[in-house]
Every structure is written in C-alpha cells, then in structure tokens.
Amino acid sequence: MLPAIDALPEDEREVFDLMRVPAVTQAEAAWVLGVSSVTVKRRLSRGLRLLTEQPADIRPGEKPPDAI
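Residues numbered from 1 in each chain as written. Predicted model: local features only at pLDDT ≥ 70, side-chain atom pairs only at ≥ 80, totals over all residues. Heavy atoms only, no water.

Student: Mind showing me how you'd approach the overall build of the chain here?
Tutor: Within the chain, the secondary structure is distributed over four helices and zero strands. Its helices and strands in sequence order give the chain the pattern α-α-α-α, from N to C terminus. Here the chain, with 68 residues, has 28% of them falling under the buried criterion. Carbon and sulfur atoms make up 57% of the accessible area of the chain, which totals about 4,800 Å². (Helix = DSSP H or I, 4+ residues; strand = E, 2+ residues; numbered from the N terminus. Buried < 20%, exposed > 50% of the residue type's maximum accessible area, 1.4 Å probe, protein only. Areas by Shrake-Rupley, 256 points an atom, 1.4 Å probe, with all protein chains shown as cover.)

Student: What should I look at first to understand the confidence of the model for the chain in this one?
Tutor: Detail in the predicted coordinates should be disregarded across regions flagged by low pLDDT. Mean pLDDT over the chain: 81, with 78% of residues reaching 70 or higher. Averaged pLDDT values over the elements of the chain bottom out at 83 in helix H1 (residues 2–6) and peak at 92 in helix H3 (residues 26–33). (pLDDT = per-residue confidence, 0-100.)

Student: What am I meant to see in a negative patch on the surface here?
Tutor: Taken together, the side chains of Asp-6, Glu-10, Glu-14 and Asp-17 present a region of like negative charge at the surface. The element that contributes the greatest number of residues to the negative patch is helix H2 (residues 10–20), accounting for three residues. When you line up the elements, Asp-17 lands in helix H2. Classification of Asp-17 as partly exposed rests on a relative accessible area of 32%. (Patch = residues over 30% accessible without salt bridge, like charges linked within 9 Å, V, L, I, M, F, W, Y side chains within 5 Å. Salt bridge = Lys/Arg side-chain N within 4 Å of Asp/Glu carboxyl O. Lys, Arg positive; Asp, Glu negative; His and termini not counted. Charge placed at Lys NZ, Arg CZ, Asp CG, Glu CD.)

Next comes the structure, spelled out in structure tokens:
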C-alpha cells in the first residue's frame, strides 16, 4: 500500500499524508498547505479514488478478478 501512496500525484499524496497518517483535520491540512478546505477535500477524494484503481495485490483480503 505504501508504494501506491508514494505513487500518487504530489498534491494528492501531500493531502493524503496529512489527513491519514497524523490524522489532522481538513482545516489544519488546508492551513499547512496554504490552500482552502475545499481544495483539501477535492485532493483527498481524488487520491482515494486513484488508490482504489490500483491492482488488488495492494488491497489486502481482496482477490484479483482472475483468481475468483
């Protein structure tokens, strides 16, 4: 999972790191990054969407489609 997070575009990775690792609020992440809370929310959503598009081998407990 960590390599997939590292592969995110820089803006999305920054927000993801701030929001998910140390668990800061969107407002705090916005302040740190110098952007609006709406921008943080948009980047987080995009980052999560990009991660869900990654191969199943980085999502524990989920079988790849050809293994079913």
